[in-house]
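Observations on the model geometry
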Amino acid sequence: MKIAVVGATGLVGTKMLQVLEERNFPLTGLLPVASERSIGKEITFKGKPYKVVSMQDAIDARPQLALFSAGGDTSKEWAPRFAEAGITVIDNSSAWRMDPSKKLVVPEVNAQTLVASDKIIANPNCSTIQMVVALKPLHDRYKIKRVVVSTYQSVTGTGKAAVDQLYNERAGKEGPMAYKYPIDLNALPQIDVFLDNGYTKEEMKMVNETKKIMGDESIRVTATTVRIPTVGGHSESVNIEFGEDFDLGELRDLLSGAPGVVVQDDPAQQIYPMPLWAHDKDDVFVGRIRRDETQPNTVNMWIVSDNLRKGAATNAVQIAEYLVQNGLL
Ligand SMILES: NC(=O)c1ccc[n+]([C@@H]2O[C@H](COP(=O)([O-])OP(=O)(O)OC[C@H]3O[C@@H](n4cnc5c(N)ncnc54)[C@H](OP(=O)(O)O)[C@@H]3O)[C@@H](O)[C@H]2O)c1
């Protein structure tokens, strides 16, 4: 199988290549694609050099699959052209996520909804992916009514320019600013642009994408998303109210047995999930699991995952693996 990786020189694209390599994805040809600036540049995959090609050259080479991570505008323009040529697109941008005709997929939650005619498949927002992986087994058992989430998000979620800003600030060097304000030693309560309702776009992504992926419009979600100077992954403080009461031991067991979830929760030993530990891992780590003592049927937890892996590259590759394993390409 031939695969195009669109945005191959970016943070997510580089991670996709790493994940495809590590998981030994059954590919026979690779077409790295990036902007006009990078055409001809060499990238290495499984020890072999590959030259970056243009979008049109990639379409002309007729891969079966294209993994896109080159921004929303690029996806809006090019994903339909790939799809028209019969190439299945898995898109990491926000361009198609809320389009009612496109599936928004986290394999642990809703891969079974995919069919062969899905030619553009959307990969959700990173902060939403890690949350729904942990919510799904709890929703199936106790029916979630409401979620209150506050995030502590890594600069890697913004892309290369933001990582450069953080390290430039640390080194006392001048450089381009990915954010309006300094990020080192700071916390920015703004991720993406503000909307008319006073929330940011990132916050509303968490609200709307959660309902779509879980297939349940009745789940109420409210979010505050914050950028902090970490690089290993996103952290989330999540308060979940259920329709019925739960046993804390059973809830922990449900999480421990859930696909993609690792429970790291031992207060006596000061064990809890952290971006430093989640970095470069594929799992969603859950800890600080405790009853909310202020109202019934409610639990608090702390969820951490590497946003470039499960939040982006790994999730996209898992969707691709599902398509291959189920003969949907
Ligand atoms: N970072 C995350 O955690 C995360 C998570 C989920 C989704 N995403 C999404 O993934 C996408 C990429 O994010 P990133 O963090 O990897 O950004 P990034 O590091 O800035 O990389 C952007 C990539 O897109 C390519 N590109 C830009 N304009 C292009 C064009 N007109 N045609 C073809 N390629 C083009 C760039 O190529 P050049 O090197 O040639 O400029 C580069 O390969 C964004 O849509 C983002 O929202 C990111």
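Here goes a summary of the coordinates provided. (Residues numbered from 1 in each chain as written. Predicted model: local features only at pLDDT ≥ 70, side-chain atom pairs only at ≥ 80, totals over all residues. Heavy atoms only, no water.)

**Some words on the nonpolar core**
Quick reminder of the rule: Residues belong to a common nonpolar core when they are buried Ala, Val, Leu, Ile, Met, Phe, Trp, Tyr or Cys residues joined through side-chain atoms within 4.5 Å. Exposure classes here rest on a 1.4 Å probe applied to the protein chains alone. A residue is buried below 20% of its type maximum, exposed above 50%, and partly exposed in between. In DSSP terms, a helix is any run of H or I states spanning at least four residues, a strand is any run of E spanning at least two, and both are numbered starting from the N terminus. Working rule for contacts: check all heavy atoms of both residues, and any pair within 4.5 Å makes them a contact.
Core analysis: the biggest nonpolar cluster contains 55 residues, and Phe 82, Val 147, Ile 240, Leu 251 and Met 301 have the highest contact counts within it. Ranked by residues supplied to this core, first place goes to helix H5 (residues 126–142) with eight residues. In this view, Val 147 contacts Met 131, Leu 135, Ile 219, Arg 220, Val 221, Thr 222, Val 238, Asn 239 and Ile 240; residues no more than four positions away in its chain are not counted. Grouped together as the second largest cluster of nonpolar side chains are 32 residues, Ala 8, Val 19, Phe 25 and Leu 30 included.

**Digging into helix H10 (residues 309–325)**
Rule in force here: Multiplying 1.5 Å by the residue count of a helix minus one yields the expected span of that helix. The quantity called bend is, for any residue, the angle between two axes fitted respectively to the seven residues ending at it and the seven beginning at it.
In a regular helix each residue adds 1.5 Å, so 17 residues correspond to 24 Å; H10 covers only 21 Å between its end C-alpha atoms and thus falls short of that length. The sharpest bend along H10 measures roughly 40° and falls at Asn 315.

**As for unusual backbone geometry**
Not every positive phi belongs to a glycine, and Gln 270 is a case in point at roughly 55°. For Gln 270, the location among the structural elements is in the loop between strand S11 (261–263) and helix H9 (275–278). The backbone of Arg 288 sits at a positive phi, close to 50°, despite the residue not being glycine. Mapped onto the secondary structure, Arg 288 falls in strand S12 (residues 284–291).

**Overview of the side chain of Gln 165**
By secondary structure assignment, the location of Gln 165 is in helix H6 (residues 160–170). Under the relative-accessibility criterion, Gln 165 is labelled buried at 1%. Ignoring anything within four residues of it in the chain, the contact list for Gln 165 reads Pro 176, Met 177, Ala 178, Tyr 179, Tyr 181, Pro 182 and Ile 183.

**Section: the site of the ligand**
Test applied: Whether a residue is near a molecule or strand is decided by its heavy atoms; if any one of them lies within 4 Å of it, the residue is near. What qualifies as a polar contact is a pair of N or O atoms within 3.5 Å, subject to a donor-acceptor requirement within protein and to the restriction that residues adjacent in sequence count only when both atoms come from side chains. Method for areas: the Shrake-Rupley scheme with a 1.4 Å probe, in which residue coverage is limited to the protein chains shown. By the convention adopted, Pro, Cys, Tyr, Trp, Phe, Met, Ile, Leu, Val and Ala count as nonpolar, Lys, Arg, Asp and Glu as charged, and the other residues, Gly among them, as polar.
For the ligand, the set of nearby residues contains 26 residues, the closest of which are Thr 9, Val 12, Ser 35, Arg 37 and Ser 38. One of the backbone N or O atoms of Gly 71 is found 3.1 Å from an oxygen atom in the ligand. Protein contact buries 77% of the 900 Å² of open area that the ligand shows by itself. Contributions of two or more residues to the shell around the ligand are made by helix H1 (11–22) and H10. For the shell around the ligand, the residue count by class is nine nonpolar, 15 polar and two charged.

**Digging into the pairing of strand S8 (residues 144–152)**
Note the following rule: At least two bridges found by DSSP between two strands are what make those strands a pair.
By the bridge criterion, eight bridges tie S8 to strand S10 (residues 234–242) in an arrangement that is antiparallel. Within S10, the position partnered with Val 148 by the bridge is Asn 239. Of the pairings in the sheet, the one linking S8 to strand S9 (residues 220–224) comprises five bridges and is parallel in character. Bridge pairing in S9 links Val 148 to Thr 222.

**Overview of the pattern of salt bridges**
The line we're drawing: By definition here, a salt bridge exists when the distance from a side-chain nitrogen of Lys or Arg to a carboxyl oxygen of Asp or Glu is within 4 Å.
Scanning the model with the defined rule gives 22 salt bridges in all. Lys 51 serves as the salt-bridge partner of Glu 42, at 3.5 Å between the closest nitrogen and oxygen.

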